[in-house]
Amino acid sequence: MDAFLDVLAAVFLIIGCLLSLVAGIGLMTFPDLLTRLHAATKPQVLGFLLIFIALAIHLRSWAVVPVLALAWGMQLLTAPVSAHMIGRSGYRTKHVSHKSIYSDELAEAIRAVEAEQRHDQGPPPQQQ
Amino acid sequence: METPNSKDQRIDDALDPVGVRHRATLREEWPLLVLLVLVWGALWRDFSPGNLLFGALIAVLITTLFPLPPVVLPGRLNLWYCFKLFLWFLREVAAASVHVSYLALFKGRATRSSLIAVPLRTESDLIVMTVGHVLTLIPGSFVVDVDRRSSTLYLHYADTEDEQAVERARSQIRDIERRLIMAIGSKNEYEAIKAECGPKFSARKAQ
């Protein structure tokens, strides 16, 4: 039983680490800021979970489970916020490469709002 | 732009127009206090009643000294759907992790993505926020911008190269919303989803 649990912990640890490695590779290979953010923020979710499970199995203790769950929960709460903040500021400062984007519905929405604002501010310039 | 009955689902800003700070009452925020006490217990690795009581004291003290704008909880919680949502979430994260790993390793620079607008049905800030959170945690998508007035999420979705993939992504996000409303949505929205998808929620209708 002990050997089995050790092997299980090792397997979880290795898969978790591999996910982080792939995230690092993704940072190098993905084409632009927004796509790279996927690689930069995601491995925490599954990779961390696997590493935490491995840790709990290795320590053979139920007492660490709440702490690990808390750490994982904090990751779940904070990772999306940072991804959102970086993605949003990246988009607004025009650091998005449009070569790697198939369709951009946010730009359409922004154009619509801007047109509406121009309309509200006064009559549009006369066209001859 | 808000309809009158949507007001109670919106998180009030910290100060109202007169400049008075809104304070959440104990009845509004007790579930959050319970969470805080659980965090305290987890940090001490000690869930004995004495420790939890002390934690509760500290939780009340902290939330009175450092008040945040009140979080409007929908007042409905279905633990069974929460559990199902959690299992579904883990499965989805695993599948999507494999997909994004494949993209990183083999597709690399050729990956094309889209910025998609997803109008949500809900009017609750909390649900909009949770949908954004869940879809950001699932690899392959994250929220770039939010239009609060119309509950529209603008998200970046990796590996969408044609109209079909974009539509599939959109219905996937609305499916997350459906599951969240089933788990924690307010009664009205729960009934609306029920009316839309049928009493068993099994059939996912095309929008």
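In this text the structure is predicted, and so the values were computed from the model without any measurement.

When its secondary structure is counted, chain A shows five helices and one strand. The linear arrangement of helices and strands in chain A, starting from the amino end, is α-α-α-α-β-α. For 128 residues, the compact-globule estimate of 2.2 N^0.38 gives 14 Å, and chain A exceeds it by more than 25% at 23 Å. Expressed as lengths along the three principal axes of its C-alpha atoms, the size of chain A is roughly 85 × 30 × 20 Å. Counting only residues that meet the buried cut, chain A has 27% of its 128 residues in that class. Considering only residue pairs separated by 6 or more positions, chain A has 67% of its internal contacts joining residues 24 or more positions apart.

In terms of helices and strands, chain B carries six helices and three strands. Mapped from its N terminus to its C terminus, chain B presents α and β elements in the order α-α-α-β-α-β-β-α-α.

Each partner contributes residues to the interface: chain B has 36 residues there, and chain A has 35 residues. Secondary structure elements with two or more residues in the side of chain B that touches chain A: α1 (26-44), α3 (79-107), β1 (113-119), α4 (125-137), β2 (141-147) and β3 (152-158) of chain B. The element best represented in the side of chain B that touches chain A is α3(B), accounting for seven residues. A class-by-class count of the residues in the side of chain B that touches chain A yields 18 nonpolar, 13 polar and five charged.

With that settled, consider the sheet that holds β2(B). Pairing is mixed across the open sheet formed by four strands, whose spatial order is β1(A)-β1(B)-β3(B)-β2(B). Taken across any chain shown, the strands that pair with only one partner, and hence form the sheet edges, are β1 (101-104) of chain A together with β2 of chain B. The sheet shows a mean angle of 25° between the axes of neighbouring strands, taken without regard to direction. Along the sheet face, helix α2 (residues 33-41) of chain A touches β1, β2 and β3 of chain B and points at about 80° away from the line of β3(B). Along the sheet face, α4(B) touches β2 and β3 of chain B and points at about 155° away from the line of β2(B).

Looking now at the confidence of the model for chain A. Within chain A, residue pLDDT values average 83, and 94% of them lie at 70 or more. The weakest mean pLDDT in chain A belongs to β1(A) at 78; the strongest belongs to helix α1 (residues 2-29) of chain A at 89.

Residue and element names in this part refer to chain B. Even without being glycine, arginine 45 reaches a positive phi, approximately 50°. With respect to the secondary-structure elements, arginine 45 resides in the loop between α1 and α2 (49-65). Phi is positive for aspartate 159, close to 60°, though the residue is something other than glycine. Under the C-beta neighbour-count criterion, aspartate 159 is labelled buried, with 20 such atoms within 10 Å.

Let us now look at the environment of A:Ile57. Within the fold, A:Ile57 resides in helix α3 (residues 43-59). With residues near it in sequence (within four places) discarded, A:Ile57 still touches A:Leu5, A:Leu8 and A:Ala9.

This brings us to the packing of α4(B) against helix α5 (residues 163-184) of chain B. Residues and elements named next belong to chain B. Their axes nearest at 10 Å, the elements α4 and α5 cross at an angle of 125°. Overall, the two elements α4 and α5 adopt an arrangement that is oblique. The two elements α4 and α5 cross, and the hand of that crossing is right-handed. Residues Ile127, Thr130, Val131, Val134 and Leu135 of α4 form the contact with α5, whose participating residues are Ile173, Ile176, Glu177, Leu180 and Ile181. Grouping the constituent residues of the contact of α4 with α5 by class yields eight nonpolar, one polar and one charged.

It is worth spelling out the environment of B:Glu28 at this point. Of note, B:Glu28 is situated in helix α1. Residue contacts for B:Glu28: discarding those within four places in its chain leaves B:Pro70 and B:Leu73.

Attention now moves to the nonpolar core. Buried together is how nonpolar side chains tend to be arranged in soluble globular proteins. All names here are of chain B. Grouped together as the largest cluster of nonpolar side chains are 55 residues, with contacts concentrated most on Val131, Leu153, Leu155 and Leu180. A per-element tally of this core places α5 first, with eight residues. Beyond its immediate chain neighbours, meaning those up to four positions away, leucine 180 contacts Leu85, Ile127, Thr130, Val131, Val134 and Gly185.

Moving on: α3(A). The terminal C-alpha atoms of α3(A) lie 23 Å apart, and with 17 residues this matches the ideal 24 Å at 1.5 Å per residue to within 8%. Regarding α3(A), the residues found buried are A:Pro43, A:Val45, A:Leu46, A:Gly47, A:Leu49, A:Leu50, A:Ile51, A:Phe52 and A:Ala54. The inward-facing, buried residues of α3(A) contact α1 and α4 (64-92) of chain A together with α3 and α4 of chain B. Taken from the residues just after α3(A), A:Arg60 is the one with a positive phi, measuring 50°.

Scoring rules and cut-offs
Residues numbered from 1 in each chain as written. Chains lettered and ligands numbered in written order. Predicted model: local features only at pLDDT ≥ 70, side-chain atom pairs only at ≥ 80, totals over all residues. Helix = DSSP H or I, 4+ residues; strand = E, 2+ residues; numbered from the N terminus. Rg over C-alpha atoms; globule rule 2.2 N^0.38 Å. Buried ≥ 20, exposed ≤ 12 C-beta atoms within 10 Å, placed from the backbone. Contact = placed C-beta atoms within 7 Å. Nonpolar A, V, L, I, M, F, W, Y, C, P; charged D, E, K, R; others polar. Pairing = 2+ DSSP bridges. Axes fitted to C-alpha atoms, helices over the stretch in contact; angles between N-to-C directions. pLDDT = per-residue confidence, 0-100. Parallel < 35°, antiparallel > 145°, perpendicular 65-115°, else oblique. Left-handed = near helix turned anticlockwise from the far one by under 90°. Core = buried A, V, L, I, M, F, W, Y, C linked by C-beta atoms within 7 Å. Expected span 1.5 Å × (residues − 1).

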